Amino acid sequence: MRILSVVGARPQFVKLAPVAEAMRDRAEHVIVHTGQHYDHNMSDAFFADLGIPHPDVNLGIGSGGHGEQTGAMLSGLETVFTDTAPDWVLVYGDTNSTLAAALAAVKLHVPVAHLEAGLRSFNRRMPEEHNRVLTDHAADLLLAPTQVAMDHLAHEGLAERGVLVGDVMTDVLYRVRDRVANTPLALDAPVEPGEYYVATLHRPDNTDDPERLRAILDGIGKVTRPVVLLAHPRLRAVAERHGIDLSVGAVTACEPLSYPDLVNAVSHSAGVITDSGGLQKEAFLLRVPCTTIRPETEWVETVEYGWNTLVHDDFAALPGIVDRPRPAETDAAPYGTGRAALTTVDTLLARDGA
Ligand code: UD1
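Residues numbered from 1 in each chain as written. Predicted model: local features only at pLDDT ≥ 70, side-chain atom pairs only at ≥ 80, totals over all residues. Heavy atoms only, no water.

A. Quick look at the state of the cysteines. Applying the stated criterion across every chain yields a total of zero disulfides. Sulfur of Cys254: no disulfide; nearest cysteine sulfur belongs to Cys290 and is 18 Å away. (Disulfide = S-S within 2.5 Å.)

B. View of the sheet that holds strand β13 (residues 308–310). Ordered by their spatial adjacency, six strands build an open sheet running β10-β9-β8-β11-β12-β13, and the pairing between neighbours is parallel. Edge positions in the open sheet fall to β10 (251–254) and β13, since each of these has one partner strand only. Each adjacent strand pair in this sheet contributes to an overall mean axis angle of 20°, direction not counted. Two strands pair when backbone bridges link them, and strand β12 (residues 290–292) and β13 are joined in this way by three bridges, in the parallel orientation. Residue pairing across strands places Thr292 opposite Leu310, the latter belonging to β13. (Pairing = 2+ DSSP bridges. Helix = DSSP H or I, 4+ residues; strand = E, 2+ residues; numbered from the N terminus. Axes fitted to C-alpha atoms, helices over the stretch in contact; angles between N-to-C directions.)

C. Structural view of the domain arrangement of the protein chain. Per the domain assignment, the segments of the protein chain are domain 1 (2–167 + 336–349) and domain 2 (178–322). Between domain 1 and domain 2, the C-alpha centre-to-centre distance is 26 Å. Of the roughly 1,700 Å² buried between domain 1 and domain 2 on both sides combined, carbon and sulfur atoms contribute 56%. One can count four salt bridges joining domain 1 with domain 2. With a shortest N-O distance of 3.0 Å, Lys281 and Asp167 are connected by a salt bridge. Here domain 1 and domain 2 share six residue pairs in polar contact (both at pLDDT 80 or more) between them. Elements represented by at least two residues in the side of domain 1 that touches domain 2 include exactly α1 (10–23), α2 (44–49) and α5 (127–138). (Domains from an automatic or database assignment. Buried area = accessible area lost by both parts, 1.4 Å probe. Salt bridge = Lys/Arg side-chain N within 4 Å of Asp/Glu carboxyl O. Polar contact = N/O pair within 3.5 Å; in protein donor to acceptor, adjacent residues only side chain to side chain.)

D. Region of interest: the site of the ligand. The immediate surroundings of the ligand are formed by 20 residues, with His37, Asp39, Ser63, Glu128 and Arg234 found nearest. Asp39 places a main-chain nitrogen or oxygen 2.8 Å from an oxygen atom of the ligand. Between the ligand and Glu128, the relevant distance is 2.8 Å, taken from an oxygen atom to a side-chain nitrogen or oxygen of the residue. Taking 740 Å² as the accessible area of the ligand by itself, protein coverage stands at 86%. Listing elements by their share of the shell around the ligand, those giving two or more residues are α1, α3 (66–84) and α10 (233–241). (Near = heavy atom within 4 Å. Areas by Shrake-Rupley, 256 points an atom, 1.4 Å probe, with all protein chains shown as cover.)

E. Summary view of the side chain of Thr95. Mapped onto the elements, Thr95 comes out in the loop between β4 (88–92) and α4 (96–107). For Thr95, a relative accessible area of 10% translates into the label buried. A polar side-chain atom of Thr95 sits 2.9 Å from a polar atom in the side chain of Gln12. Leaving out residues up to four positions away in the same chain, Thr95 has contacts with Ala9, Gln12, Gln36 and Asn131. (Buried < 20%, exposed > 50% of the residue type's maximum accessible area, 1.4 Å probe, protein only. Contact = heavy atoms within 4.5 Å.)

F. Inspection of the packing of aromatic side chains at higher detail. With the rule as written, the count across this model stands at five aromatic pairs. On the basis of an interplanar angle of 50° and a centroid distance of 5.1 Å, the ring pair of Phe13 and Phe47 is categorised as tilted. Of this pair, Phe13 sits in helix α1 while Phe47 sits in helix α2, placing them 34 residues apart in sequence. Accessibility assignment for this pair places Phe13 and Phe47 in one class, buried. Against the face of Trp299 rests Lys281, its NZ or CZ located 4.0 Å from the ring centre. A cation over an aromatic ring shows up here: Arg287 above the ring of Phe284, its NZ or CZ 4.3 Å from the ring centre. (Phe/Tyr/Trp six-rings, centres within 6.5 Å; stacked < 30°, edge-to-face > 60°. Lys NZ or Arg CZ within 6 Å of the ring centre and 35° of its normal.)

As C-alpha cells, this is what we get:
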C-alpha cells in the first residue's frame, strides 16, 4: 500500500516521526513537506533529530496570509497527488497544511485519513479550529487520540469514520524522554535544574495585539523563578515590529529548541507557561505543572487531572498561578501508552482504500 503523509509545521514533524517508524517495511511511505515552516530549527532539525526520512517532495511554500499560503498548498499538492497516486493521504493535526492536503485529496477522490481527529477548542477565532472541523468532515478515516475526541466526532455525526488510536505524540515523547534522561541541559540561560520555567507563545490571539502581548510578558516577568522563553519566529517578528523587549523581569528570550532539548528542558523545569497545544500535553506526560495562556484547551484531560491551569485575560494573576504548588500525583494515561503510531498503521493497512 502506498501512503502519502503531508506535513508542513513543527508539531507535524513530531507526529510524523513515530508514524514513519511504524510504517517502515510495512507500507510504501511517501513524505511531502509543504514548506510552511522552513527555518532550520523549525524544520530540518526535527527530521535529523527524530530520524525521519528526508521528504520525497518539498513544495517550499513558506509564509503568507491564510488564503495565499493555503491556496499555494492546494495547488501544489493536487499535482503531487495526481503524480504519486497514493492509496491513502495521511494528514496531521490542524494547520493550514492539514486542511490544504485534505481538500486537495478529497477532490481527487483519494482516500484521506486524519490523524489527531476530533479535537475541538470550540473557539472560532482560532484558525486551527476551522482547519480541524473542515478536515474531519472531509476525511474518510478519523484517527482520534482520546475518547473525548471520539465523543466530539460522534456529536458531529462522524462516529462511523472514527477509530480511537491514541496519541502519537505520546509515543515519541516517551522514546525521546528515555534517550535524553541523563544528558546536560541545552539552555542558553543561567538556570539550575528544577528552578526555572519554560515558556512558549505563538498563537496569533496572544502575539498579534501589542497591548495584550505586553500584559502577558509583564505577568510572566513577575514569577519567582527564571523563565526561559523559547521565542517562535512569529513572536520575535511581532515584538520587533512593536518595539517590545521579550526579555523582561524574570524572562530571558532564547531561540526555539530541538525536540530532544525541549523534552530535556521541560523534564527538569519547575513548570511550563505556554499557548501551544502539544506542549501542554507534553508537560502533563512529564508530570510538570503547566499554565496555559488561552481561554480553553483541546487537551481537557490535562486540566481535569489538575496539571494544567488556563489563564485567559487576568495576566496580573499569572505569578500566583505559575508559582502554585505541584498538584496531586496521578498515574492516569488518557493519551495512551506509546503505541498509537503502530495502531495507526495497523488501521490504515487493514483498509484497502476507503
Ligand atoms: C503554525 C500553525 C499552528 C501550529 C504552529 C506551530 C496554522 C494556521 N498554524 O502556526 O497551528 O501550532 O505552526 O509552530 O497552520 N516563520 C518563520 N520561520 C519558519 C516558520 C514561520 O519565520 O520556519 C514565521 C512566518 O514568517 C510567519 C510566522 O512565523 O510570520 C507564522 O508562521 P505560520 O506557519 O503561518 O504559522 P505559525 O504561527 O507557525
